[in-house]
Amino acid sequence: MKKQLFGVAALVLSFNVYAADDAAWMRYPVIAPDGSQIAFSFKGDIYTVPVTGGRAQQITTNPAHDTKPVWSPDGKQLAFASDRMGSMDIYVVDKDGGIPTRLTTHSGNETPIAFKDNGHVLFQANILPSTDDMQFASGQFPQVYEVSTKGGRPIMFSSMPMEDINFSADGKSLLYHDKKGYEDPWRKHHTSSITRDVWICNNLDGKRTYKKLSSFNGEDRNPVWASADSYYYLSEQKGSFNVFKANLNGGAPVQVTKHEKHPVRFLSRANNGLLCYGYDGGIYTLKEGGQPQQVNIKVVTDKIDRDIIRQVKNSGATQIALSGEGKEVAFILRGDVYVTSTEYKTTRQITNTPEQERNVDFAPDGRSLVYASERDGLWQIYQT
């Protein structure tokens, strides 16, 4: 057997009151449909804050990474992505917080895009394109799926990539931007044949029709409805990303914001016409014809430093078990179960409990581990 070095990741936590004045780089802001609140992610948790600013309310407190909140049309729920079970899954939670409900269980990553209605969430995932999809099958081209807020099996909404979906008020049409090939979404001033364009999809309940709305040879993305015949979107056609407005029937787009140094990101709109977006780490609101207003946000919470300290251990492992094919080694280190590869530098922590685990072994099929653990005062047999 090849000599192994067991790489183990340990979390170091420190608890302090987080200074409100240091709040910056709030990500993925999205305004509520009624225009009263803004949801955003900050340091791996979801928060909401009144559009007028003030102290933010922490919605999630899990030590995992929670991100990309999406409002339900009635403003009563938030969908978000979280890796609390390993990979990114879709969860929904009440707008005031509480225990989230997990909606997806796929082993890959899923991220929410929009609520189709109050009872269904659309999300993006790389699972399996449909048989009639003519696009090159690749992990670069995720599909769109629909899942009920009550759980259940997801169904495919679109085999073709559709990003930043925004439904019309009557639910019969949607705006989105396409994905023609790989390009880092954070890249600036990119022009090529695979830059994103804004599209509209009509007749969602029948034979869908599609129409490309933008024609700039750079990036056009993140469309949101302005009215039944117009929309806002982000574009670099005047330099950095800014908000533009265009008509569905064509015509020259009108520039709405004129930020110069940094790109505008994460555009959303409330039913009352109030726009919300991120700029240079802050969150802004804007009424068309007015001036952008930065939202003054105070975040007060226990500070949890989630920095991972990587350590290489070459001793201390006990009760080692070898898989049937000899490609994996399971072992106990400091009372927890780990598994590592005999061919690659890959080590995975299986358990993370205050109780100790012992007597680890592989199941006959090699796909799970069995071990003993002293939980609730009793030694029991567990399988993971």
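Up top you'll find the structure we're talking about.
Residues numbered from 1 in each chain as written. Predicted model: local features only at pLDDT ≥ 70, side-chain atom pairs only at ≥ 80, totals over all residues. Heavy atoms only, no water.

## Details of unusual backbone geometry
Okay, so step 1: For Lys68, which is not glycine, the phi dihedral falls at a positive 55°.
Okay, so step 2: Of note, Lys68 is situated in strand 7 (residues 66–71).
Okay, so step 3: Positive phi outside glycine occurs at Asp376, with the angle close to 55°. (Helix = DSSP H or I, 4+ residues; strand = E, 2+ residues; numbered from the N terminus.)

## Thoughts on the sheet that holds strand 22 (residues 254–255)
Okay, so step 1: Ordered in space as 19-20-21-22, the four strands form an open sheet in which the pairing is antiparallel. Among the strands making up the open sheet, the edge pair consists of strand 19 (220–227) and strand 22.
Okay, so step 2: Pairing analysis gives two bridges linking strand 21 (residues 242–247) to strand 22, with the strands arranged antiparallel. Considered in strand 22, the bridge of Phe244 is made with Gln255. (Pairing = 2+ DSSP bridges.)

## A few points about the sheet that holds strand 11 (residues 110–117)
Okay, so step 1: Judged by pairing direction, the sheet is antiparallel, and its four strands sit side by side in the order 11-12-13-14 without closing on themselves. What marks the edges here is a single partner per strand, and that holds for strand 11 and strand 14 (155–158). Taken pair by pair, the neighbouring strands of this sheet meet at an average axis angle of 35°, ignoring direction.
Okay, so step 2: Here six bridges tie strand 11 to strand 12 (residues 120–125), and the two strands are oriented antiparallel to one another. Looking across to strand 12, one finds that Pro112 is bridged to Phe123. (Axes fitted to C-alpha atoms, helices over the stretch in contact; angles between N-to-C directions.)

## Quick notes on the environment of Leu128
Okay, so step 1: Its place among the elements puts Leu128 in the loop between strand 12 and strand 13 (143–148).
Okay, so step 2: Aside from chain neighbours lying at most four places away, what touches Leu128 is Gln143, Tyr145 and Met156. (Contact = heavy atoms within 4.5 Å.)

## Digging into the nonpolar core
Okay, so step 1: Counting residues in hydrophobic clusters, the biggest one holds 16 residues, and the most contacted among them are Ile31, Ile38, Phe40, Ala56, Ile283, Ile297 and Val299.
Okay, so step 2: Going through the elements one at a time, strand 3 (37–42) and strand 4 (45–50) are the ones with two or more residues in this core.
Okay, so step 3: In terms of residue count, the dominant contributor to this core is strand 3 (three residues).
Okay, so step 4: Counting 13 residues, the second-largest nonpolar core is a separate cluster that includes Val224, Leu234, Val243 and Tyr277. (Core = buried A, V, L, I, M, F, W, Y, C linked by side-chain atoms within 4.5 Å. Buried < 20%, exposed > 50% of the residue type's maximum accessible area, 1.4 Å probe, protein only.)

## Topic: the packing of aromatic side chains
Okay, so step 1: Under the criterion given, the structure shown has 12 aromatic pairs.
Okay, so step 2: Note on Phe40 and Tyr47: the rings are 5.7 Å apart at their centroids and 10° apart in plane angle, and the pair reads as stacked.
Okay, so step 3: One aromatic cluster is present, formed by Tyr28, Trp186 and Phe266 through successive ring pairs.
Okay, so step 4: Residue placement shows Arg27 over the ring face of Trp186; its charged tip is 5.0 Å from the ring centre.
Okay, so step 5: The ring of Tyr382 has Arg375 sitting right over it, with the charged end atom 4.2 Å from the ring centre. (Phe/Tyr/Trp six-rings, centres within 6.5 Å; stacked < 30°, edge-to-face > 60°. Lys NZ or Arg CZ within 6 Å of the ring centre and 35° of its normal.)

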